[in-house]
Each structure stands twice: as C-alpha cells, then as structure tokens.
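Residues per chain are reported as follows:
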Amino acid sequence: MNADRALVEAVLARRVGAFERLVAEHQGLCWHILQRLVRHPEDTRELCQETFLRVHQYLHQYRYESALKSWIGRIAYAVGLRHLEKKQVPLLETDTAEAADLAVLQESDGFDLETAWADAQLRERLHAAIDALPPLQRTLLTLYHLDELAIPEIAQICGLPAGTIKSHLFRSRLRLRELLQNRFGVSA
Amino acid sequence: MTNVPPLSPEQEREWTLQQRAVDIEGGLAGADGAPAAYRLLARALREPLPIALPAGFARRVARRAERAALLDVRWPQRWIVALLLVLAALVVAGLMLQGAEWLTDLRVALPSLPRLVNGWGLLLLLGIGAARWPLLRG
C-alpha cells in the first residue's frame, strides 16, 4: 500500500515519468481484463488506453480504500462492460446449462499428462474452448489463474460477491473438464 | 445474473479437486490427488494470452494522458480570457451608445460639485451609479 501511495502522490505531483511507471505496473492486468472481455485486438488496445486516460483524470479521487491494482482493474472492467453493452454482447449466457453430472467424470488409469500437454492440437482446442466461454467466465478464469488474484480481489474488481465468483470459477472449470474428457478424450 | 446458488457438498468436493490441480501446477503441492483434466486446464490457464501488449504502450499512453491534462488546464484559462474580452467589448459599446448622455449628466453635475460633498449629494451619485450599473454590464 505504501508503494501505491508513493506512486499516486508522484503522479498527482506531476513528476516526470511517474504516470508512465503507473501504466507499466498495471497495464498487464488491464490488458488481460479487456482482452478477455472483448477479444478484439484493436478494441482491447483502445479500451486499455481509455482506461488509463480515466485513471489519470480521476486519480485524485482514489482514497486508498483498496489496492491501486484493484481500483484500476475496476475501471478497466467498467470500461469493458460498457463496450459490451454498446455492442449488445451478453456478459453471461442466458441459457446456463447446468453442471455435468459429477459421477460421469471419472478418469481412467494410465493417462499420461505430459504426453497430452505436448499435443499442440489438444492445447489449441483447449484454448479455443476457454475462448468460447462467456465473457465474464473467461475473464474470471484469467484473473484467478494467470494474474493469480485471490477471489476477494476479483470480487472488488468485478463488483460481484465472492461466492458468485467462486461459483462461476467452479462451473467454468467443470464445463471445461467435461469437454476435455468427452470431446477431446483426455481420460478415455 | 450476479447471484448464483452456493455449491452443494458434492460440488465442494469437486472444487477441492480443482484447487488441488491449481496448487500442483503452481508448484505448491505434490503431483497427486488431482484429475489430469484439471491439471491440463490449470496449465493452459496460466499461459500468456494470445495477443500481447503493444511495445511502448505505457510511454504512449502516458504522453497522451499528460497532453490531455494540459488541455484540461488550458481550456478554463482560455474561457476566462474570452469572457474578459466580451466584457471589455460591452463596455466600449455602452460608451459609444450612451457616452454622450453620461457626459452631459456629468457636465450638469460638475458646477454643483461642492454641494455634492455633503451626504445627500453622495447618495445621489450612488443612486445614479446603481441605475447605470445594469447598462454598463450589458
């Protein structure tokens, strides 16, 4: 938090290079949020830029109540959501298929994980399956796994209850496991 | 959309398996106890996203933000200058239209200037000033 305060104060005092340092520190998170929400490369770039212009404009309103990372992430998420609303892209599927019957998901012995991982085609299809998830779910998965944010931090960014985040993570991973097993034959 | 029912006990057990896979792939736990599919998934989800950040993004955005902030400061200053110019133009226009009349009033008032020094005279001047003020403001 002290590092956040020092950086924010440097930006507000218009010290040379301070805002560039702030962008460099947080651009990865914003890029992930926006890329997962909107997918389109050009839109991602423009929205990421818009996010940081807003951060610069409203930084004086930041009250250190949450980590700077979460505050900036929340702005990126709001910018991405507004874009999806304009494009009329739903954040979640309206027809939410119920999770698969857990009893079906049993694995056979002798499955070689490393061989499967070396299979470029399988990895490509797995990434395509992740990409095909609804915007909210693929964003939550990326924040949790790639950015290694804790569920409460993700809840601050997305403005959703922690239990809802957990439930979305659970259902997305279950759905992808089912896909791996049934369609790609991972455990067959 | 936002409220999703909590996990059942059976789902909680599945959640534990999912988390075990995350720990294994993050090097926080031994290799046993998680389904291979979850481990593959955890590995795939830790991989960088397909589109990378453009090079020099932070520098470009910072320059743009600083330029925008500079414009934000300059615009109010420009507005103030513009308003002062409009005010000056109104004063000039007022003098051109009513100046002769004000001069006549002044000439009439000047000979009796000594009498204005007393309280009633000052009150009269204040009254004239108050009556002319809206015209001066345009």
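Calculation criteria
Residues numbered from 1 in each chain as written. Chains lettered and ligands numbered in written order. Predicted model: local features only at pLDDT ≥ 70, side-chain atom pairs only at ≥ 80, totals over all residues. Heavy atoms only, no water. Helix = DSSP H or I, 4+ residues; strand = E, 2+ residues; numbered from the N terminus. Buried < 20%, exposed > 50% of the residue type's maximum accessible area, 1.4 Å probe, protein only. Contact = heavy atoms within 4.5 Å. Areas by Shrake-Rupley, 256 points an atom, 1.4 Å probe, with all protein chains shown as cover. Salt bridge = Lys/Arg side-chain N within 4 Å of Asp/Glu carboxyl O. Patch = residues over 30% accessible without salt bridge, like charges linked within 9 Å, V, L, I, M, F, W, Y side chains within 5 Å. Lys, Arg positive; Asp, Glu negative; His and termini not counted. Charge placed at Lys NZ, Arg CZ, Asp CG, Glu CD. Domains from an automatic or database assignment. Buried area = accessible area lost by both parts, 1.4 Å probe. Polar contact = N/O pair within 3.5 Å; in protein donor to acceptor, adjacent residues only side chain to side chain. Nonpolar A, V, L, I, M, F, W, Y, C, P; charged D, E, K, R; others polar. pLDDT = per-residue confidence, 0-100. Phe/Tyr/Trp six-rings, centres within 6.5 Å; stacked < 30°, edge-to-face > 60°. Lys NZ or Arg CZ within 6 Å of the ring centre and 35° of its normal. Expected span 1.5 Å × (residues − 1).

Undergrad: I tried to follow the overall build of chain A on my own but got confused; where do I start?
TA: The secondary structure content of chain A amounts to 9 helices and 0 strands. Ordered by position from N to C terminus, the α and β elements of chain A give α-α-α-α-α-α-α-α-α. Out of the 188 residues in chain A, the part that is buried amounts to 52%. Excluding contacts between residues fewer than 6 apart, the proportion of contacts in chain A whose partners are at least 24 apart in sequence is 71%. By element, 48% of the accessible surface of chain A is carried by carbon and sulfur atoms, the whole surface being about 9100 Å².

Undergrad: What is the right way to look at the pattern of salt bridges in this model?
TA: Charged atoms that come close allow side chains of opposite charge to pair. Here the structure, examined in full by the defined rule, presents 15 salt bridges over all chains. Residue Arg39 of chain A is joined to Asp131 of chain A by a salt bridge in which the shortest nitrogen-to-oxygen separation is 3.9 Å. In this pair, Arg39 of chain A is assigned in the loop between α2 (18-38) and α3 (41-58) and Asp131 of chain A in helix α6 (residues 120-131), connecting sequence segments 92 residues apart. By relative accessible area, which is 39% here, Arg39 of chain A ends up partly exposed. Between Arg132 of chain B and Glu101 of chain B there is a salt bridge, and its shortest N-O distance comes to 3.4 Å. Taken together, the residues span a long stretch of sequence, with Arg132 of chain B in helix α5 (residues 119-137) and Glu101 of chain B in helix α3 (residues 57-109) at a distance of 31 residues. Since its relative accessible area comes to 41%, Glu101 of chain B is described here as partly exposed. Residues joined in a network through salt bridges with shared partners are Glu114 of chain A together with Glu25, Arg39 and Arg43 of chain B.

Undergrad: Help me understand a positive patch on the surface in this model?
TA: Taken together, the side chains of Arg59, Arg60, Arg63, Arg64 and Arg67 of chain B present a region of like positive charge at the surface. Relative to the elements of secondary structure, Arg67 of chain B occurs in helix α3.

Undergrad: I would appreciate a short explanation of the side chain of His26 of chain A in the present structure.
TA: Residues and elements named next belong to chain A. Its place among the elements puts His26 in helix α2. Take His26: its relative accessible area is 7%, and that puts it in the buried class. Beyond its immediate chain neighbours, meaning those up to four positions away, His26 contacts Phe52, Leu68, Lys69 and Ile72.

Undergrad: Would you explain the domain arrangement of chain A in this entry?
TA: Residues and elements named next belong to chain A. The domain architecture assigned to chain A consists of domain 1 (2-86) and domain 2 (100-184). Here the C-alpha centroids of domain 1 and domain 2 sit 26 Å apart. Contacts between domain 1 and domain 2 engage 13 residues on the former and 16 residues on the latter. When the buried area of domain 1 at its contact with domain 2 is split by residue, Arg36, Arg39 and Tyr77 rank highest and sum to 44% of it. At the boundary of domain 1 with domain 2, the tally comes to 3 salt bridges. Run the count over domain 1 and domain 2 and you get 8 residue pairs in polar contact (both at pLDDT 80 or more). Taken together, the elements giving at least two residues each to the side of domain 1 that touches domain 2 come down to α2 and α4 (68-86). The residue makeup of the side of domain 1 that touches domain 2, split by class, is 5 nonpolar, 4 polar and 4 charged.

Undergrad: Quick question: what am I supposed to make of the confidence of the model for chain B here?
TA: Detailed conclusions should not be drawn from predicted coordinates in areas where pLDDT is low. All names here are of chain B. In this model, chain B carries a mean pLDDT of 84, and residues with pLDDT of at least 70 account for 88%. Within chain B, the lowest mean pLDDT, 61, falls on helix α4 (residues 113-116), and the highest, 94, falls on helix α1 (residues 9-25). Taken together, the chains of this predicted complex give a pTM of 0.75 and an interface ipTM of 0.86.

Undergrad: Just to check I follow, could you spell out the packing of aromatic side chains for this structure?
TA: Aromatic ring pairs: the centre-centre distance and the angle between the two ring planes describe each pair. Evaluation of the coordinates by the stated rule reveals 3 aromatic pairs over all chains. Seen from their ring centres, Tyr62 of chain A and Tyr64 of chain A are 4.8 Å apart, and the 55° between their planes marks the pair as tilted. With a centroid separation of 5.2 Å and an interplanar angle of 45°, the aromatic rings of Tyr62 of chain A and Trp71 of chain A are classed as tilted. Exposure remark for Tyr62 of chain A: the relative accessible area of 3% places this residue in the buried category. Trp71 of chain A gets classed as buried once you look at its relative accessible area, which sits at 12%. Three or more aromatic residues joined by ring pairs make a cluster, and in this case those are Tyr62, Tyr64 and Trp71 of chain A. Across the ring face of Tyr64 of chain A, the terminal group of Arg5 of chain A is positioned such that the distance to the ring centre comes to 3.9 Å. Sitting over the ring of Tyr38 of chain B, Arg177 of chain A keeps its end group 4.9 Å from the ring centre.

Undergrad: Looking at this structure, how should I read α4 of chain A?
TA: It helps to recall that an α-helix has 3.6 residues per turn; residues three or four apart then point in one direction. All names here are of chain A. The end-to-end C-alpha separation of α4 is 27 Å, in line with the 27 Å expected for 19 residues at 1.5 Å each. Of all the positions in α4, only Leu68, Ser70, Trp71, Ile72, Gly73, Ile75, Ala76, Tyr77, Val79, Gly80, His83 and Leu84 are classed as buried. On the buried face of α4, the contacting elements are α1 (2-12), α2, α3, α7 (135-145) and α8 (151-158). The first or second residue beyond α4 is Gln88, which carries a positive phi of 55°.

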